[in-house]
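Next come the chains, spelled out residue by residue.
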2 protein chains.
Amino acid sequence: MKIVLIGAGKLAMNVGRALLGAGHDIVQVYSRTMESALRVAAVAGGAPTTDISSLSTNADVYIVALKDSVLADIIPLACRGRERKIFLHTAGSVPMDIFKGMALHYGVFYPMQTFSLEREADFSRIPFFIEGNDELTRNAATELASSLSEKVVMLSSEQRKHLHLAAVFASNFVNHCYTIASDILARQGVPFDVMLSLIDETAGKVHDMSPADAQTGPAVRYDENVMRSHGLMLRDNPLFKDIYDRMSLSIHKRSIKKK
Amino acid sequence: MKIVLIGAGKLAMNVGRALLGAGHDIVQVYSRTMESALRVAAVAGGAPTTDISSLSTNADVYIVALKDSVLADIIPLACRGRERKIFLHTAGSVPMDIFKGMALHYGVFYPMQTFSLEREADFSRIPFFIEGNDELTRNAATELASSLSEKVVMLSSEQRKHLHLAAVFASNFVNHCYTIASDILARQGVPFDVMLSLIDETAGKVHDMSPADAQTGPAVRYDENVMRSHGLMLRDNPLFKDIYDRMSLSIHKRSIKKK
């Protein structure tokens, strides 16, 4: 398919490279700055542009991969004059209807993953959650997603919103727990890499058992001595202490519920 | 070495099996109940017992792998009449000196990992943090740990306490984030396994970059619309909402500090 990529962040970079690899033709890459448009065009192909109002009219699908907060401003400009094309956004938490009245054929193409510029994502394992306002769009989104991934799931905007919230816990908050651990270790002069085996096993366990069954640690045992001692070590950082206390309480409550 | 294993939980089970595999001789396995003593003896060898005061005197090393809250009660009983033997405990957050006055040679043998009865741990990748009150104990702990793992680190009780706190964040709290994600998905009828690719990549990223650099999501972008919408979805669960708000604030504060 002929594709215009609107956006040049971490997600656009990885999706663009994967689409090119799957044999699609990236016609154009839009970004607010020429520098980032060029960076993505260098790996995904296509002509870089910073002029949203003069996007090519010579593509089948327009993929909008921008941060959520600018979608409402950019979408009207991207759609104007291209109303008969297919528009897809890539945001987990934004309803499909953000395109309503702007384009005739619109939907969602959400790859649930945490992307970075430095690491090349392996799309075959990344689940795509798609949606479309008509069959033409759903078929196009399915075809695109299936060309990248083995796991393509049709999901409503409402369900996807909850899925995205779950992903914030399972990825963004998990990563912040790693950051807090890294900060605690840094103060003791211990390198973060001592944690990697534990981190890998914690992720590995939930392939085999439910996370509630996999829970270990002082909070699930409700070992008050250990928790009090941990609280003392966190006294310089009230926010970390708050997170510690609420996580421990939540683990304890959840483990009682399970019994 | 000839070893008596005191305790029959997840850690004792995994350590016992690994020690047997490395050619050591498990003489005896103590537990409060015969059922769990038998379960560990079945994979680690040794005679099961529930009588702490009549432990064998025919071993080199006594490994105390009990939950932290019972250590102070059991250690005096375990040491009495065996004062000249080497005693090691396996707890991350308990000082070595819990043995002081009870035994002559004592220390710590802490494998930092999250264990379960169902999954067999691969000890070669698990870091061991060891300590000893004299050279005899340090040598024995080093020899035992090196027979299981490639990563053996001498660490003070004070440093180990902080390491254990870091591990609570990087493993126990991470797992609870998985549980919350799983609970959110269950209410939408979405199976938890859609999260596994995201979970694996989140763990994988911090092998290549610092967790602070790997952070993504609405909180680091400080996308208030998304965070407000997530807050609404959590309105039935004030504790999850609290965790969400504090994690988001902490991610945001940490990302400003980094800049």
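Reading guide: rules and limits
Residues numbered from 1 in each chain as written. Chains lettered and ligands numbered in written order. Predicted model: local features only at pLDDT ≥ 70, side-chain atom pairs only at ≥ 80, totals over all residues. Heavy atoms only, no water. Least-squares fit on C-alpha atoms with pLDDT ≥ 70 in both. Contact = heavy atoms within 4.5 Å. Domains from an automatic or database assignment. Buried area = accessible area lost by both parts, 1.4 Å probe. Polar contact = N/O pair within 3.5 Å; in protein donor to acceptor, adjacent residues only side chain to side chain. Nonpolar A, V, L, I, M, F, W, Y, C, P; charged D, E, K, R; others polar. Axes fitted to C-alpha atoms, helices over the stretch in contact; angles between N-to-C directions. Helix = DSSP H or I, 4+ residues; strand = E, 2+ residues; numbered from the N terminus. Parallel < 35°, antiparallel > 145°, perpendicular 65-115°, else oblique. UniProt positions renumbered as here; feature names shortened; annotations may be inferred. Left-handed = near helix turned anticlockwise from the far one by under 90°. Pairing = 2+ DSSP bridges. 1 Å grid on protein atoms, 1.4 Å probe; cavity = no way out; pocket = protein on both sides within 12 Å on 5 of 7 lines; lining within 4 Å. Points joined across faces, edges and corners; volume = space filled by probe spheres on them. Expected span 1.5 Å × (residues − 1). Buried < 20%, exposed > 50% of the residue type's maximum accessible area, 1.4 Å probe, protein only.

1. Looking at the relation of the copies chain A and chain B
Comparison of the two chain copies shows a relationship of rotation about an axis with a shift along it. Taken as rigid bodies, chain A and chain B are interconverted by a rotation of 180 degrees and an axial shift of 0.0 Å, the fit giving an RMSD of 0.0 Å. Here the symmetry operator amounts to a two-fold rotation axis. No C-alpha of chain A lies nearer the rotation axis than that of Val174(A), which sits 2.5 Å from it. Of the residues that chain A buries at the interface, 99% are likewise interface residues in chain B, meaning the two copies contact each other through the same surface.

2. With respect to the domain arrangement of chain A
Residue and element names in this part refer to chain A. Examined at the domain level, chain A breaks down into domain 1 (2-155) and domain 2 (161-258). Distance from the C-alpha centre of domain 1 to the C-alpha centre of domain 2: 35 Å. The partner domain 2 presents five residues to the seven residues of domain 1 that form the contact. Each partner contributes to the roughly 510 Å² buried at the junction of domain 1 and domain 2, and carbon and sulfur atoms together form 71% of this total. It is Ser93, Tyr110 and Met112 in domain 1 that bury the most area against domain 2; as a group they hold 53% of the surface buried on that side. Linking domain 1 with domain 2 are zero residue pairs in polar contact (both at pLDDT 80 or more). Within the side of domain 1 that touches domain 2, the residues separate by chemical class into four nonpolar, three polar and no charged.

3. Observations concerning the packing of helix H5 (residues 157-187) of chain A against helix H5 (residues 157-188) of chain B
Running from N to C, H5(A) and H5(B) cross one another at 180 degrees; their axes reach a closest spacing of 8 Å. For the element pair H5(A) / H5(B), the angle class is roughly antiparallel. Its residues placed into classes, the contact of H5(A) with H5(B) shows 26 nonpolar, four polar and no charged.

4. Points about the UniProt feature "domain: Pyrroline-5-carboxylate reductase catalytic N-terminal" (unreviewed entry) in chain A
With numbering matched to this structure, UniProt assigns "domain: Pyrroline-5-carboxylate reductase catalytic N-terminal" (unreviewed entry) to residues 2-85 of chain A. Regarding residues 2-85 of chain A, the helix share stands at 42% and the strand share at 21%, and the terminal C-alpha atoms are separated by 11 Å.

5. Quick word on the packing of helix H1 (residues 10-21) of chain A against helix H2 (residues 34-44) of chain A
Residue and element names in this part refer to chain A. At a closest axis distance of 8 Å, the pairing of H1 and H2 adopts a crossing angle of 25 degrees. In this view, H1 runs roughly parallel relative to H2, as classed from their interaxial angle. Judged by the twist between their axes, the crossing of H1 over H2 is right-handed. On H2, the residues touching Ala12, Met13, Gly16, Arg17 and Leu20 of H1 are Arg39, Val40, Val43 and Ala44. Residues that form the contact of H1 with H2 fall into these classes: six nonpolar, one polar and two charged.

6. A short note on the UniProt feature "domain: DUF2520" (unreviewed entry) in chain A
In the numbering used here, UniProt assigns the feature "domain: DUF2520" (unreviewed entry) to residues 126-250 of chain A. Summarising residues 126-250 of chain A: 71% helix, 6% strand, and an end-to-end C-alpha distance of 30 Å.

7. Observations regarding the sheet that holds strand S2 (residues 25-30) of chain A
The pairing of strands in a sheet happens through backbone hydrogen bonds and is either parallel or antiparallel. Residue and element names in this part refer to chain A. With mixed pairing, eight strands are arranged side by side in an open sheet as S3-S2-S1-S4-S5-S6-S7-S8. Whereas interior strands pair on both sides, the edge strands pair on one side only; in this sheet they are strand S3 (47-49) and strand S8 (152-154). When strand polarity is set aside, the average angle formed by the axes of neighbouring strands in this sheet is 25 degrees. Pairing geometry for strand S1 (residues 2-6) and S2, over five bridges, is parallel. By the bridge assignment for S2, Ile3 is matched with Ile26. Strand contacts of H5: strand S5 (86-89), strand S6 (105-111) and strand S7 (128-132), with the helix running at about 25 degrees to S6, the strand carrying the most contacts.

8. Digging into empty space enclosed by the protein
Taken as a whole and assessed by the stated rule, the structure comprises one cavity of 30 Å³ or more. Looking at the largest cavity, its volume works out to about 60 Å³. What lines the largest cavity is Ala212(A), Gln215(A), Val220(A), Ile251(A), Arg254(A), Ser255(A), Lys258(A), His176(B) and Thr179(B). For the lining of the largest cavity, the secondary structure elements donating two or more residues are helix H10 (238-258) of chain A together with H5 of chain B. Element by element, the count of residues in the lining of the largest cavity is highest for H10(A), at four residues. Considering only residue class, the lining of the largest cavity consists of three nonpolar, four polar and two charged.

9. Considering helix H1 (residues 10-21) of chain B
Residues and elements named next belong to chain B. If you check H1, its first and last C-alpha atoms are 17 Å apart, about what 12 residues at 1.5 Å a residue would give, namely 16 Å. Of all the positions in H1, only Leu11, Ala12, Met13, Asn14, Val15, Gly16, Ala18 and Leu19 are classed as buried. On its buried face, H1 is in contact with strand S1 (2-6), strand S2 (25-30), helix H2 (34-44), strand S4 (61-64), strand S6 (105-111) and helix H4 (135-148).

10. Focus: unusual backbone geometry
Located in the positive-phi region is Tyr222(A), a residue other than glycine, with phi close to 50 degrees. Structurally, Tyr222(A) is set in the loop between helix H8 (218-221) and helix H9 (224-233).

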